[in-house]
Every structure is written in structure tokens, then in C-alpha cells.
Amino acid sequence: QVQLVESGGGLVQAGDSLRLSCAASGRSFSNYYTMGWFRQAPGKEREFVSAITGNGGSTAYADSVKGRFTISRDNSENTVYLQMNSLKPEDTAVYYCAAVRSVMLRTIAANFDSWGQGTQVTVSS
């Protein structure tokens, strides 16, 4: 497993942008780790947002964020990013970074075995 620490959350207005970061440590943050972003709003289940394979060659997005969010990674910095543009009030949630040692693109929370503590994103209307 790896240790993950998210940052970059905050309170913004609708239409604004935020970039979340997820710093990984503990094991070699290599091409073998697929990384994902999930979010959980109050009273709702945790949902998939985006994922990226170890070499960055494959990505996936939830339909609700497609075209607005972009996931990327810098393996030299052991960091994964989630650029969020055109934010909407319905994007308000705690955002979690997750990792799994897999070369396959994963999008289901149960497939990930390392999780960060989360960072709050609040979008006001």
C-alpha cells in the first residue's frame, strides 16, 4: 500500500476552477499504480470521478465531470492531479484520492486498496 495525502480543496463559486493534488509516499510510486479520484457528498454514497493508469496512457471520467475535469500525474513528483473547471454546486463533496497496484484502469472503489483522508470541495451558487 501507499500513503496518500490530498490537498487543494476549498470554497469556490460556481464556474470557478480548482486543482486537487494527491501526494503519494511509502512505496515506489511507479507505473504499476493506477490512481483514482472519488467523491462523497453528504448523505450520498462514494462515487467515481476519474482514474488514470500508471503510465498515464489511459484515463476515465464519470459522465458528470467529463469535459470539465482532467486527471494527470507526475511520477517523478509522486503526485496525481485533478484539474476541475466550470465547477457546479453539485460538485460539492469530499474528494478522495485512491491507489491500487494494477496496470489496468480501475473505476470501482472496491478495487482500490489505498485511500487518502479526503479534501473538502464546496461550490456555492
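In this text the structure is predicted, and so the values were computed from the model without any measurement.

Let's talk about the state of the cysteines
Item 1. Per the counting criterion, the structure on display carries 1 disulfide.
Item 2. Linked covalently through their sulfurs, C22 and C97 form a disulfide whose S-S length is 2.1 Å. Given an S-S torsion of about -80°, the disulfide between C22 and C97 has left-handed geometry. Of this pair, C22 sits in strand β3 (residues 18–25) while C97 is found in strand β9 (residues 93–101), placing the two residues 75 residues apart along the sequence. Of the two residues, C22 and C97, both sit in the buried class.

Some thoughts on the sheet that holds strand β1 (residues 3–7)
Item 1. Spatial strand order, β1-β3-β8-β7: 4 strands in an open sheet with antiparallel pairing. The sheet terminates laterally at β1 and β7 (69–74), the two strands that pair on one side only. Strand after strand, the sheet turns through a mean of 15° between neighbouring axes, direction not considered.
Item 2. Where β1 lies against β3, 5 bridges are found, and the strand directions are antiparallel. Residue pairing for β3: S7 is matched across the bridge by S21.

Some thoughts on the pairing of strand β5 (residues 47–52)
Two faces, one strand: in a regular strand the side chains alternate between the faces of the sheet.
Item 1. Buried residues dominate β5, accounting for 5 of its 6 residues.
Item 2. Here strand β4 (residues 33–40) runs beside β5; their pairing, made up of 5 bridges, is antiparallel. Residue pairing for β5: M35 is matched across the bridge by I52.
Item 3. A loop of 6 residues connects β4 with β5, the two strands running antiparallel in sequence, and G43 in this loop sits at a positive phi of about 80°.
Item 4. Alignment of β5 against strand β6 (residues 59–61), held across 3 bridges, turns out to be antiparallel. Pairing of I52 across the sheet is with T59, part of β6.
Item 5. Linkage of β5 to β6, two consecutive antiparallel strands, is achieved through a turn of 6 residues, within which G56 is found at a positive phi near 75°.

What to know about a nonpolar patch on the surface
Item 1. On the surface, a nonpolar cluster with roughly 330 Å² of combined accessible area is contributed by Y32, V103 and M104.
Item 2. On the secondary structure map, M104 appears in the loop between β9 and β10 (114–115).

A short note on the nonpolar core
Item 1. One finds L4, M35, W37, F69, L82, M84 and Y95 to be the most contacted residues of the largest nonpolar core, which totals 34 residues.
Item 2. Those elements that place two or more of their residues in this core are β3, β4, β5, β7, β8 (79–84), β9 and β11 (119–124).
Item 3. A total of 6 residues in this core trace back to one element, the largest contributor, which is β9.
Item 4. The contact partners of L4, leaving out residues within four places of it in the chain, are C22, A23, A24, M35, C97, A98, A99, S114, W115, G116 and Q117.

Some thoughts on the environment of T122
Item 1. On the secondary structure map, T122 appears in strand β11.
Item 2. Ignoring sequence-local partners within four residues, the contact set of T122 consists of G10, L11, V12 and T92.
Item 3. A polar contact is formed between the side chain of T122 and the side chain of Q120, at a distance of 3.3 Å.

Parameters and conventions
Residues numbered from 1 in each chain as written. Predicted model: local features only at pLDDT ≥ 70, side-chain atom pairs only at ≥ 80, totals over all residues. Heavy atoms only, no water. Disulfide = S-S within 2.5 Å. Helix = DSSP H or I, 4+ residues; strand = E, 2+ residues; numbered from the N terminus. Buried < 20%, exposed > 50% of the residue type's maximum accessible area, 1.4 Å probe, protein only. Pairing = 2+ DSSP bridges. Axes fitted to C-alpha atoms, helices over the stretch in contact; angles between N-to-C directions. Patch = residues over 30% accessible without salt bridge, like charges linked within 9 Å, V, L, I, M, F, W, Y side chains within 5 Å. Areas by Shrake-Rupley, 256 points an atom, 1.4 Å probe, with all protein chains shown as cover. Salt bridge = Lys/Arg side-chain N within 4 Å of Asp/Glu carboxyl O. Core = buried A, V, L, I, M, F, W, Y, C linked by side-chain atoms within 4.5 Å. Contact = heavy atoms within 4.5 Å. Polar contact = N/O pair within 3.5 Å; in protein donor to acceptor, adjacent residues only side chain to side chain.

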